[in-house]
Amino acid sequence: QVQVVESGGGLVQSGGSLRLSCTASGDIVSINSMDWYRQAPGNQRELVALIRTTGSTNYADSVKGRFTISRDNAKNTVYLQANSLKPEDTAVYYCRADVKRLNGFTYQYWGQGTQVTVSA
């Protein structure tokens with residue numbers, strides 16, 4: 001089995017920063033892309049940032065220049081450094097990982113989410 005667990009959310013004032021972490025554990029052979037999504041009340045879940053095994057990244061236009069995604073392959077962990085936070089960044093942030101397991105198949109796993117609240 002594989003588990004994906006996020007941490008690091010919380011309440012922060014506008015202009016502040018947070019660092020989110022996401023770690024995958026279990027019978028993992030390798031992890032392809034690891035992504036951060038977010039979902040605000042009444043909105044669809046949207047992609048915030050992704051990072052591939054090669055280290056290449058993509059960001060939503062709304063967070064470019066403010067958020068940075070990085071990963072530690074040895075720890076099966078991905079980070080999201082969120083700076084200059086705005087009230088519109090308030091959402092539940094989810095981590096998604098494409099994991100190749102010992103059985104040779106690749107599966108998609110989601111974490112349980114971590115709440116980020118930015119006050120004006």
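Use the structure listed above.
Because the structure is predicted, anything quoted here is derived from the model rather than measured.

Asker: What am I meant to see in the environment of S21 here?
Answerer: In this structure, S21 sits in strand β3 (residues 18-26). S21 sits in the buried class, given a relative accessible area of 18%. With 60 residues separating them along the chain, S21 and Q81 place their C-alpha atoms 8.8 Å apart.

Asker: How do you make sense of the sheet that holds strand β1 (residues 2-7) when you look at a structure like this?
Answerer: Spatially, β1-β3-β8-β7 is the arrangement adopted by the 4 strands of the open sheet, whose pairing is antiparallel. Across the chains shown, the open sheet's two edge strands, defined by having one partner strand only, are β1 and β7 (67-72). Across this sheet, the average inter-strand angle for adjacent strands is 15°, counted without regard to direction. Here β1 pairs with β3 via 6 bridges, running antiparallel. Across the sheet, the residue bridging to E6 is C22, located in β3.

Asker: I keep staring at the pattern of salt bridges and nothing clicks. Help me out?
Answerer: A side chain with one charge may pair with a side chain of the opposite charge, provided their charged atoms come close. Evaluated as defined, the whole model comprises 7 salt bridges. The residue D27 makes a salt bridge to R101 at a minimum N-O spacing of 3.0 Å. Highlighted residues: D27 in the loop between β3 and β4 (28-39) and R101 in strand β9 (residues 91-101), separated in sequence by 74 residues. Between R96 and D35 there is a salt bridge, with the nearest N and O atoms lying 2.4 Å from each other. Placement of R96 in strand β9 and of D35 in strand β4 is noted, with a sequence separation of 61 residues between them. Overlapping salt bridges bring together R38, E46, R66 and D89 as one network.

Parameters and conventions
- Residues numbered from 1 in each chain as written.
- Predicted model: local features only at pLDDT ≥ 70, side-chain atom pairs only at ≥ 80, totals over all residues.
- Heavy atoms only, no water.
- Helix = DSSP H or I, 4+ residues; strand = E, 2+ residues; numbered from the N terminus.
- Buried < 20%, exposed > 50% of the residue type's maximum accessible area, 1.4 Å probe, protein only.
- Pairing = 2+ DSSP bridges.
- Axes fitted to C-alpha atoms, helices over the stretch in contact; angles between N-to-C directions.
- Salt bridge = Lys/Arg side-chain N within 4 Å of Asp/Glu carboxyl O.

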